[in-house]
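Per-entry structural report
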Amino acid sequence: MAREQHDYDDIPGTFVFDQERSRQGYGINMFCMSLMADENRKAFKADEAEYLKKFNLTPEQTEAVLKRDYNRMLELGGNIYFTAKLGATDGHSFRHLAAEMTGSTQEDYANMMLAGGRSVEGNRSRSGRFDKPARSAAKPAGKKAGKAKAGKAKAAKPKTKKSKAKKSKAKTRAKK
Amino acid sequence: MARIIAGVASSHVPAIGAAIDNKQTEEAYWKRVFSGFEKSKEWMAETKPDVCIVVYNDHASAFSVEIVPTFALGCAAEFPPADEGWGPRPVPVVQGHPQLASHIAQSVILDEFDITVVNKMTVDHGLTVPMNLLFGSPKEWPCPVIPLAVNVVLYPPPTGHRCFMLGRAIRKAVEAYPEDLRVVIFGTGGMSHQISGPRAGLINSKFDKAFLDNLTKDPQKLARIPHLEYMREAGAEGIEMVMWLIMRGALDDRIDEVYRFYTVPASNTAVGHIILENRAKGAKSAKAAGKRKAAPKLKRAAARAKIERVRS
């Protein structure tokens, strides 16, 4: 069954860890949780594919873990606080993983953060219908959701399929 | 009668804890962050609460995906620091306040907040980092702490409005507790940040500053912010800010902002911090009255100076 569409699927570059992903990703997250124990980290490092067999992952999930494809892990139901434990097992910090997920070099990512982080302008909406802050946020700065700012962001626009369905749903929901 | 005297909000970035543990607080990058909490530590040392309630979230430490309680109130006598994958942080064991905690549990459940009672729990950086920022790194924490863990990891977290109303219910519970205790409540997490996916690194200072302003100006407005807006404007993980609304809901309508600090970044995150005081009600706690009156004015002046520096 295809994934149910939600208003938040319109947010670019974001995999919301919702109930459906939690159900799908239970194995990934429990695998990551197991890495809290040193003996498990050693067993995993000794034979990664073998160790993963204990957790009922789908072939796609296993591949994502072995390749350390962090975005794919999130898409398939992993949660960042869990997958970060895999990162830690490899000796990487949250910031290191964040840089990887954005497709930037460590240096570029660190510089972007020092310069104030990724701007929300141009990064609000995949459909382009929510380019401005909602009523309770601060004033709009009025830049179109052009791909300009999405610079680092081949990244920030992962998939476009089914965007039509998302658009309409996002629109109606956002009126609440 | 127990009484909530003040609320504190603070980010709880794990890298801040690591900087403390690895003694990097004097490095320029970190000094910028820690210097913003110097005044706060003075305020806390002077305020000397009898108990703190710390609203925070667990990050796959005490709770995995096996059990995900929306609101979990720590009623145990103590809460050891969690091993988050590289050994427990070298911070003191948190001493609880089981009597007040169980009193709160009993009261808020009858007020229709069906919280989970937790009698065994470790606490991770979500709780211990704000403790460090406000209390420094003492051998023992100076007062008992009641942890209130909120799920903000698995979507959906409780709504901002629900959080605000839980704060109200906690205030009612505290005020019905017979012992004369002065309580400070912490809301932690935020501010804008996203650490997951291709949009990681998102920061929205405008959103954050409006949020800080509205904690005093219009908290009801904050309580109406939908989850979609937090995620879109303040990053997927920025939704943690709903926890600040429990703190705010537990305070009176009329409060004084005594201090504020905001800086970008700490690791992936915008660091926000604010101290809000309830206005004294006929100075119930006598020992407080005399000396504490004068202090806030000085601190407010200091706070303004700080804000200007931060904004410029």
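All values reported here derive from a predicted model rather than from experimental measurement. (Residues numbered from 1 in each chain as written. Chains lettered and ligands numbered in written order. Predicted model: local features only at pLDDT ≥ 70, side-chain atom pairs only at ≥ 80, totals over all residues.)

Quick word on the overall build of chain B
Broken down by element type, chain B carries eleven helices and ten strands. Out of the 312 residues in chain B, the part that is buried amounts to 56%. Put simply, of all contacts in chain B between residues at least 6 apart along the chain, 83% involve residues at least 24 apart. (Helix = DSSP H or I, 4+ residues; strand = E, 2+ residues; numbered from the N terminus. Buried ≥ 20, exposed ≤ 12 C-beta atoms within 10 Å, placed from the backbone. Contact = placed C-beta atoms within 7 Å.)

Things to note about the overall build of chain A
Across its full length, chain A carries ten helices and zero strands. Written out in order from the N terminus, the α and β elements of chain A read α-α-α-α-α-α-α-α-α-α. Taking all 176 residues of chain A together, 41% fall into the buried category. Excluding contacts between residues fewer than 6 apart, the proportion of contacts in chain A whose partners are at least 24 apart in sequence is 65%.

Here's the deal with the interface of chain A and chain B
Taken together, the contacts link 52 residues of chain A with 38 residues of chain B. Only helix 2 (26–34), helix 6 (70–75), helix 7 (80–89), helix 8 (94–102) and helix 9 (106–114) of chain A provide two or more residues apiece to the side of chain A that touches chain B. Among the residues forming the side of chain A that touches chain B, the class breakdown is 33 nonpolar, twelve polar and seven charged. (Nonpolar A, V, L, I, M, F, W, Y, C, P; charged D, E, K, R; others polar.)

Digging into helix 5 (residues 125–135) of chain B
All names here are of chain B. Among the eleven residues of helix 5, eleven are classified as buried, and the element is accordingly described as predominantly covered. Buried within helix 5 we find His-125, Gly-126, Leu-127, Thr-128, Val-129, Pro-130, Met-131, Asn-132, Leu-133, Leu-134 and Phe-135. Looking at the buried side of helix 5, the elements it contacts are strand 1 (3–10), helix 1 (14–21), helix 3 (38–47), strand 2 (51–56), strand 7 (145–150) and strand 8 (182–188). Just downstream of helix 5, Gly-136 is the residue with a positive phi angle, here 75°.

Quick notes on the packing of helix 2 of chain A against helix 7 of chain A
Residue and element names in this part refer to chain A. At a minimum axis distance of 8 Å, the contact between helix 2 and helix 7 shows a crossing angle of 45°. Relative to helix 7, the element helix 2 lies oblique. The way helix 2 lies across helix 7 gives a crossing that is left-handed. Here Asn-29, Cys-32 and Met-33 of helix 2 lie close against helix 7, whose contacting residues are Phe-82, Thr-83, Lys-85 and Leu-86. (Axes fitted to C-alpha atoms, helices over the stretch in contact; angles between N-to-C directions. Parallel < 35°, antiparallel > 145°, perpendicular 65-115°, else oblique. Left-handed = near helix turned anticlockwise from the far one by under 90°.)

A word on the pairing of strand 7 of chain B
Residues and elements named next belong to chain B. Of all six residues that make up strand 7, six are buried, and the element is covered over most of its length. By the alternation rule, side chains of strand 7 split into Val-145, Pro-147 and Ala-149 and Ile-146, Leu-148 and Val-150, which are all buried. Pairing analysis gives five bridges linking strand 2 to strand 7, with the strands arranged parallel. By the bridge assignment for strand 7, Ile-53 is matched with Ile-146. Pairing of strand 3 (residues 71–74) with strand 7, which is carried by three bridges, proceeds in the antiparallel orientation. By the bridge assignment, Phe-71 is partnered in strand 7 with Val-150. (Pairing = 2+ DSSP bridges.)

Considering the pairing of strand 3 of chain B
For strand 3 of chain B and strand 6 (residues 116–118) of chain B, the ladder comprises three bridges, and the chain directions are parallel. When the sheet's bridge partners are listed, B:Leu73 is paired in strand 6 of chain B with B:Val117.

Some remarks on the nonpolar core
One recurring pattern in soluble globular proteins: nonpolar side chains tend to sit buried together. Residues and elements named next belong to chain B. One finds Ile-53, Val-55, Val-183 and Met-243 to be the most contacted residues of the largest nonpolar core, which totals 138 residues. Element by element, the count of residues in this core is highest for helix 6 (residues 160–175), at eight residues. The contacts of Ile-53, once residues within four sequence positions are left out, are Ile-146, Leu-148, Ile-170, Val-183, Ile-185 and Phe-186. (Core = buried A, V, L, I, M, F, W, Y, C linked by C-beta atoms within 7 Å.)

Some details on the environment of B:Gly87
Residues and elements named next belong to chain B. By secondary structure assignment, the location of Gly-87 is in the loop between strand 4 (78–79) and strand 5 (94–95). A residue is classified by how many C-beta atoms lie within 10 Å of it, and Gly-87, with 10 of them, is exposed. A sequence separation of 47 residues divides Gly-87 from Leu-134, and the C-alpha atoms of the two residues are 23 Å apart.

Points about the confidence of the model for chain B
Note: predicted coordinates in regions of low pLDDT should not be interpreted at a detailed level. Residues and elements named next belong to chain B. When pLDDT is averaged across chain B, the result is 92; 90% of the residues are at 70 or more. For the stretch residues 304–312, pLDDT sits under 50, and the model shows six contacts to residues farther than four places along the chain or on other chains. For this predicted complex, the interface score ipTM comes out at 0.89, while the overall pTM is 0.86. (pLDDT = per-residue confidence, 0-100.)

Brief notes about unusual backbone geometry
Residue and element names in this part refer to chain B. The omega torsion across Gly-190 and Met-191 is -5°, close enough to zero to call that bond cis. With respect to the element layout, Met-191 can be found in the loop between strand 8 and helix 7 (205–217). Pro-265 follows Val-264 through a cis peptide bond whose omega is -10°. Within the secondary structure, Pro-265 is located in strand 9 (residues 255–266). Of note, Ala-60 is a non-glycine position whose phi angle comes to about 55°, a positive value. Examined against the element boundaries, Ala-60 turns out to sit in the loop between strand 2 and strand 3. At Glu-112, a position not held by glycine, the phi torsion is positive, near 75°.

Topic: the sheet that holds strand 10 (residues 269–278) of chain B
All names here are of chain B. Spatially, 6-3-7-2-8-1-10-9 is the arrangement adopted by the eight strands of the open sheet, whose pairing is mixed. Where the open sheet ends on each side, the last strands, each with one partner, are strand 6 and strand 9. On average, adjacent strands in this sheet sit at an angle of 20° to one another, irrespective of strand direction. On top of the sheet, helix 7 reaches strand 9 and strand 10; it is set at about 10° to strand 10, its chief contact.

Quick look at the environment of B:Pro142
All names here are of chain B. Position of Pro-142 among the secondary structure elements: in the loop between helix 5 and strand 7. Given 16 C-beta atoms within 10 Å, Pro-142 falls into the partly exposed group. Sequence spacing of Pro-142 and Val-94 is 48 residues, and the spatial spacing of their C-alpha atoms is 9.7 Å.

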